[in-house]
Amino acid sequence: YGDYNQKIDYVFKVVLIGDSAVGKSQLLARFARNEFSVDSKATIGVEFQTKTLSIDNKTVKAQIWDTAGQERAVTSAYYRGAVGAMLVYDMTKRQSFDHMARWLEELRGHADKNIVIMLIGNKCDLGSLRAVPTEDAQEFAQRENLFFMETSALEATNVETAFLTILSEIYRIIS
Ligand code: GDP
Ligand code: MG
């Protein structure tokens, strides 16, 4: 079991935020375990999952926090120590995108000012139901200085890339 005696150089805490049902838990399941469960109730109660990876020959443990179905009760403890955040909306639900500004405000009120933030438009496999044009999200991301990517946890599109991008940027800032 390769992980056993591994020396960890860095632990990066990254928080997932956004409205309920946008796919946060499935994005995490896809990244951490390469899984997707149709009945995602199973993930309720899980606080965070970790994945160890190598960046620039350093061993980085990504500790990804999930709201675990408690989106209305996210507290400052959730944001404490976070060096990255993924702001997730569902591209088929306009409201979940419109709420991004509020989530961002809450994040900026609680988190370290150097936190790396990525905007994620999830469920891009449901292209015919799209309610948020890519350009709208790009514009918001540019204005707010966020990274931006469209993903599908279901089809595993861009999930790895999104996490690797944010973790590499955190590494670049911290190292
Ligand atoms: P959370 O409340 O933000 O954690 O959202 P979940 O991860 O529990 O996902 C909410 C619902 O959206 C579940 O029914 C998932 O199966 C579904 N879902 C999550 N990600 C995707 C995706 O990329 N594509 C599709 N089509 N459905 C997804
Ligand atoms: Mg969830």
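Data block above holds the structure.
Rules used throughout
- Residues numbered from 1 in each chain as written.
- Chains lettered and ligands numbered in written order.
- Predicted model: local features only at pLDDT ≥ 70, side-chain atom pairs only at ≥ 80, totals over all residues.
- Pairing = 2+ DSSP bridges.
- Helix = DSSP H or I, 4+ residues; strand = E, 2+ residues; numbered from the N terminus.
- Core = buried A, V, L, I, M, F, W, Y, C linked by C-beta atoms within 7 Å.
- Buried ≥ 20, exposed ≤ 12 C-beta atoms within 10 Å, placed from the backbone.
- Contact = placed C-beta atoms within 7 Å.
- Expected span 1.5 Å × (residues − 1).
- Arc of directions from axis to C-beta.
- Axes fitted to C-alpha atoms, helices over the stretch in contact; angles between N-to-C directions.

Asks: Explain the pairing of strand 2 (residues 48-55) residue by residue, including any values.
Replies: Pairing of strand 2 with strand 3 (residues 58-65), which is carried by eight bridges, proceeds in the antiparallel orientation. What sits directly across from T52, in strand 3, is K61. The turn linking strand 2 back onto strand 3 is made up of two residues, and D56 within it adopts a positive phi angle of 55°.

Asks: For the nonpolar core, give the residues involved together with the corresponding values.
Replies: Counting residues in hydrophobic clusters, the biggest one holds 47 residues, and the most contacted among them are V14, L87 and M118. Residue contributions to this core peak at six residues, all from helix 6 (residues 159-174). Among all residues touching M118, those that are not within four sequence positions of it are M86, L146, F147, F148, M149, A162, T165 and I166.

Asks: Please set out helix 6 residue by residue, giving values where relevant.
Replies: The periodicity of an α-helix, 3.6 residues per turn, causes residues three or four places apart in sequence to face the same way. Spanning 16 residues, helix 6 covers 23 Å between terminal C-alpha atoms, matching the ideal 22 Å at 1.5 Å per step. Along helix 6, the positions that sit buried rather than exposed are V159, A162, F163, I166, L167 and I170. Mapping the buried residues of helix 6 onto a view down its axis gives an arc of 120°, with all of them on the same face. Residues of helix 6 that are exposed and point over 90 degrees away from its buried face: T161 and R172.

Asks: Tell me about the sheet that holds strand 5 (residues 116-122), residues and numbers included.
Replies: Overall, mixed pairing links the six strands, which are arranged 2-3-1-4-5-6 in an open sheet. The strands lining the two open edges of the sheet, one partner per strand, are strand 2 and strand 6 (147-150). With direction set aside, neighbouring strand axes in the sheet form an average angle of 25°. Together, strand 1 (10-17), strand 4 (84-90) and strand 5 form the strand contacts of helix 4 (residues 100-110), whose direction differs from that of strand 4 by roughly 165°. Packing of helix 5 (residues 134-144) onto the sheet brings it into contact with strand 5 and strand 6, and relative to strand 6 it is tilted by some 160°.

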